[in-house]
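In case you want the letters, here they are:
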Amino acid sequence: MFHVEQLSDYRYRKSFDVVVVGAGHAGCEAALISAKMGCSTLLLTIAFDKIAQMSCNPAIGGPAKGHLVKELDILGGQMAENIDNTGLQFKILNKSKGSAVWSSRAQADMSAYRLRMKKIIENQENLLARQEMVDELIVEDDHIYGVVTNIGNFYQSKAVVLTPGTFMKGRIWIGMNQYSAGRAWEPPSEKLSDSLRKIGFTVGRLKTGTTPRLDSRTIDFSKLEADWGDDPPAPFSFRTKRIERPLRPCFIAHTNKKVHDVIRENLDRSPLYSGRIQSIGPRYCPSIEDKVVKFPDRNSHHVFLEPQTAESVEIYPDGLSTSLPYDVQLKYLRAINGLENVEIIRPGYAVEYDFVPPVQLYPTFETKLFKGLFHAGQINGTSGYEEAAAQGTYAGINAACFVQKRSPLVLRRDEAYIGVLVDDLVTKGTREPYRMFTSRAEYRLILREDNADIRLAGKAFNLGLLSQERYNEIKDRERQICSHIDIIKKSYVTPSNTVAELLKKHNIAAINDKTLLDKLLRRPQVDVELFRELYDGNCSKDDLQCILYRIKYEPFIKKEQRDIEKLIKNEKLRIPLNFSYDKCESLSVEVREKLSEVKPATLGQASRIPGVTPAAISVLMIYMKKFRLSKHTLE
């Protein structure tokens, strides 16, 4: 282990409160939030010009991912505001479904997004960014003590946040051709994961991939369907009043039988299907090879042609992630209608990389082995910019709290999608790249995009990440929404020709008697536009939507709230970190092993470990009472 006297071995050394390793979406958010909370922060990156680079698709948001971006925004994160200022198209997805699953998504100008974030980082007080590669973590006893870079510099720190993305021993595959890189043509980090293994971490291997990039000048867009966004566009950030940018369309293409035949004929040249790639790829963002093999009855798949920047000719064909050779990529692309003469600017590729299974973390994202060491992003086995940014914000906040000796931020599953993400990772772990979905959230009727500010304002304010003025505004909004709901529940709609015409216009059966307004609003066909005509309260459209949703789903929301009360009760039963499960002889060996591996912080977390049954939890409660552990409650 490291000893303090060894500091003299380093000719250049400097001290910081927090060091963040990696400047992808997780690293940028972690460094910014740490600095905003008053910690002297160092951000280290392999490539200074690639800060906040969008490695894959040029978009932010999507199902459940939009929820994450809204939540990190109210907690002081930067992603939402950055996309509002650099987006090319904005759209609310799933509008035909209930608003619990409505999700914001925006096409990004990749270059503008990266440059704006870089500028913000360069101008953030308390934050210094440098281009150096971290080779080794320095630990002493059970504490992190700093990092050593590839040029021999030592940076001492009270906390370290690791966000290396796909760079740890990254290996690129294009057909049978392979080379070491963290991103195409960018050097990997060859020594960091070795350092992690050396100090006791279990390290695994995952795979992800990206699509070829196409030359728009060689695409016949007249053969494709244009796909425009919403007008007017809805912002991501609660701080953005309106989007004032020129917007652009995407275009929809389709694969076909000829495309699929080309792919099938060349599977022996795919490193994925020839057995050269052994690591596990993302289940929910499959390569085109996976789609063709696993869905043989499908003769067509959507391909969304998305602009990468406002100025460049590059097009991103979303849906065509691949590791096939260059000539095969070109052949199947040219079999798509409208792409008969297409040229590839950059080939698609697969990338394998090291990760650290996240069951080795506490619910604060601090590692169990070393105090002050936090992990965020793809090192935890996740995929996606939004998952990374949310983790970066969360880990950055907790690193700052650790340095400042403040109580950490711990979000429950009923409080935020970030809470669901964190709990899934540290409790269940992952053997494949993890992606957030609305279906992962049991309490999604409560965890909506429209109320993310209301849900998390108190926590953001207590952390000093929300001004008193903004906090008061959010509290006032919540009070006004509740006041309007009280009024609506006492209001009636009286039959009249005007009301009859309104209901007929929306294909709703007429009313014959005086009817409570809230009862009428619960009819499935009632939308926010009809609500506005039936109710004369002075409300914004966003508030009307929130009110309508609460009224429509009130019985289901109340049921969720009862379930949450039970959840909170178990979350308050704290299990000491040094508790020995070997003493619980009534538990099976399998259950004891799983509990010992995860080391759940609470009885609630223990109940969510795969394989730990309700009967096992009952037995564990008995042991907790026996050893007087049930008095240990969370503050």
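Note that the coordinates shown come from a computational prediction; the quantities given were computed from them, not determined experimentally. The residue count restarts for each chain, going from 1 along the sequence in the order it is written. Only residues with pLDDT of 70 or above have their local features reported here, since the model is predicted, and side-chain atom pairs are shown and tallied only from 80 upward, although totals for entire chains, interfaces and linings are computed over all residues. As a rule here, side-chain values come from all non-hydrogen atoms in the structure, and water together with hydrogens is ignored.

So, on to the sheet that holds strand β3 (residues 59-61). Here three strands make up an open sheet; going across it, the order is β3-β5-β4 and the pairing antiparallel. In this open sheet, the two strands that pair with only one neighbour each are β3 and β4 (87-93). Ignoring which end each strand starts from, the neighbouring axes of this sheet average 15 degrees apart. Any two strands with at least two DSSP bridges between them are considered paired. Counting from the N terminus, the helices are the DSSP runs of H or I reaching at least four residues and the strands are the DSSP runs of E reaching at least two. The pairing of β4 with strand β5 (residues 103-108) spans six bridges and is classified as antiparallel. By the bridge assignment for β5, L93 is matched with S103. As a rule, the C-alpha atoms of each element are fitted with a line to give its axis, helices using only the stretch in contact, and angles between N-to-C directions run from 0 to 180 degrees.

To continue, consider the pattern of salt bridges. Any carboxyl oxygen of Asp or Glu within 4 Å of a side-chain nitrogen of Lys or Arg constitutes a salt bridge here. Going through the model one piece at a time under the given rule, you end up with 52 salt bridges. Residue K118 pairs with E122 through a salt bridge whose shortest N-O separation is 2.8 Å. Of this pair, K118 and E122 are both found in helix α4 (residues 110-122), four residues apart, which corresponds to roughly one turn of the helix. Overall, E122 belongs to the partly exposed group, its relative accessible area being 41%. Only protein chains enter the area calculation, which uses a 1.4 Å probe; residues under 20% of their type maximum are buried, those over 50% are exposed, and those in between are partly exposed.

Attention now moves to the pairing of strand β2 (residues 41-45). Where burial is concerned, most of β2 is hidden: five out of the five residues are buried. Here β2 shows a buried face lined by T41, L43 and T45 and a second buried face lined by L42 and L44. Looking at chain direction, strand β1 (residues 13-21) and β2 are connected through four bridges and run parallel. Within β2, the position partnered with V19 by the bridge is L42. Tracing the backbone out of β1, into helix α1 (residues 25-36) and back to the parallel element β2 gives a crossover that is right-handed. Looking at chain direction, β2 and strand β6 (residues 127-131) are connected through five bridges and run parallel. Each bridged residue has a counterpart across the sheet, and for T45 the counterpart in β6 is Q131. A clockwise course of the path from the first strand over the helix to the second, judged with the strands pointing away from the viewer, identifies a crossover as right-handed.

Strand order in this open sheet of four strands is β11-β10-β19-β12, and the pairing throughout is antiparallel. The open sheet has two edge strands, β11 (177-180) and β12 (204-210), and neither has a second partner. Averaged over neighbouring strand pairs, the angle between their axes works out to 20 degrees when direction is ignored.

Where two aromatic rings form a pair, the distance of their centres and the angle of their planes describe that pair. Two rings belonging to Phe, Tyr or Trp (six-membered ring only in the last case) form a pair when the distance between their centres is within 6.5 Å. Interplanar angles under 30 degrees mark stacking, angles over 60 mark edge-to-face geometry, and anything in between is tilted. Applying the stated criterion across every chain, the model contains 12 aromatic pairs. Ring centres of Y179 and W185 lie 6.2 Å apart, and the angle between their planes is 40 degrees; on these two criteria the pair is classed as tilted. Judged by its relative accessible area of 58%, W185 falls in the exposed class. To sit over a ring, a charge needs its Lys NZ or Arg CZ within 6 Å of the ring centre and within 35 degrees of the ring normal. Residue placement shows R440 over the ring face of Y434; its charged tip is 4.2 Å from the ring centre. Between the NZ or CZ atom of K514 and the centre of the ring of Y492, over which it lies, the distance is 4.7 Å.

Our next topic: the environment of K118. By relative accessible area, K118 is classed as buried at 14%. We call two residues in contact whenever any of their non-hydrogen atoms come within 4.5 Å of each other. With near-sequence residues (within four places) excluded, K118 lies in contact with F48, D49 and I51.

Let us look at the pairing of β5. Counting buried residues along β5, six of its six residues qualify, which places the element largely inside the surrounding structure. Side-chain alternation along β5 places S103, R105 and Q107 on one buried face and S104, A106 and A108 on a second face that is also buried.

Bringing the packing of helix α9 (residues 385-403) against helix α10 (residues 417-428) into the picture now. Following both chains from N to C, one finds α9 and α10 inclined at 90 degrees, their axes separated by 10 Å at the closest point. One finds that α9 runs roughly perpendicular with respect to α10. Mapping the contact onto sequence places E387, A390, Q391 and Y394 in α9 and I418, L421, V422 and L425 in α10. Of the residues that constitute the contact of α9 with α10, the class distribution is six nonpolar, one polar and one charged. We call two directions roughly parallel when the angle between them is under 35 degrees, roughly antiparallel when it is over 145, roughly perpendicular when it lies between 65 and 115, and oblique otherwise. Gly falls in the polar group here, along with every residue not listed as nonpolar (Ala, Val, Leu, Ile, Met, Phe, Trp, Tyr, Cys, Pro) or charged (Asp, Glu, Lys, Arg).

Here we take up the nonpolar core. Counting residues in each nonpolar core, the largest one holds 105 residues, and the members touching the most others are I60, I121, V161, F365, I397, I418 and L521. A per-element tally of this core places α9 first, with 11 residues. The residues contacting I418, other than those within four sequence positions of it, are L68, E71, L72, L75, A390, Y394 and L411. One finds I219, L224, V262 and Y332 within the second-largest nonpolar core, a separate group that totals 25 residues. Definition of nonpolar core: a set of buried residues of the types Ala, Val, Leu, Ile, Met, Phe, Trp, Tyr and Cys, connected through side-chain atoms within 4.5 Å.

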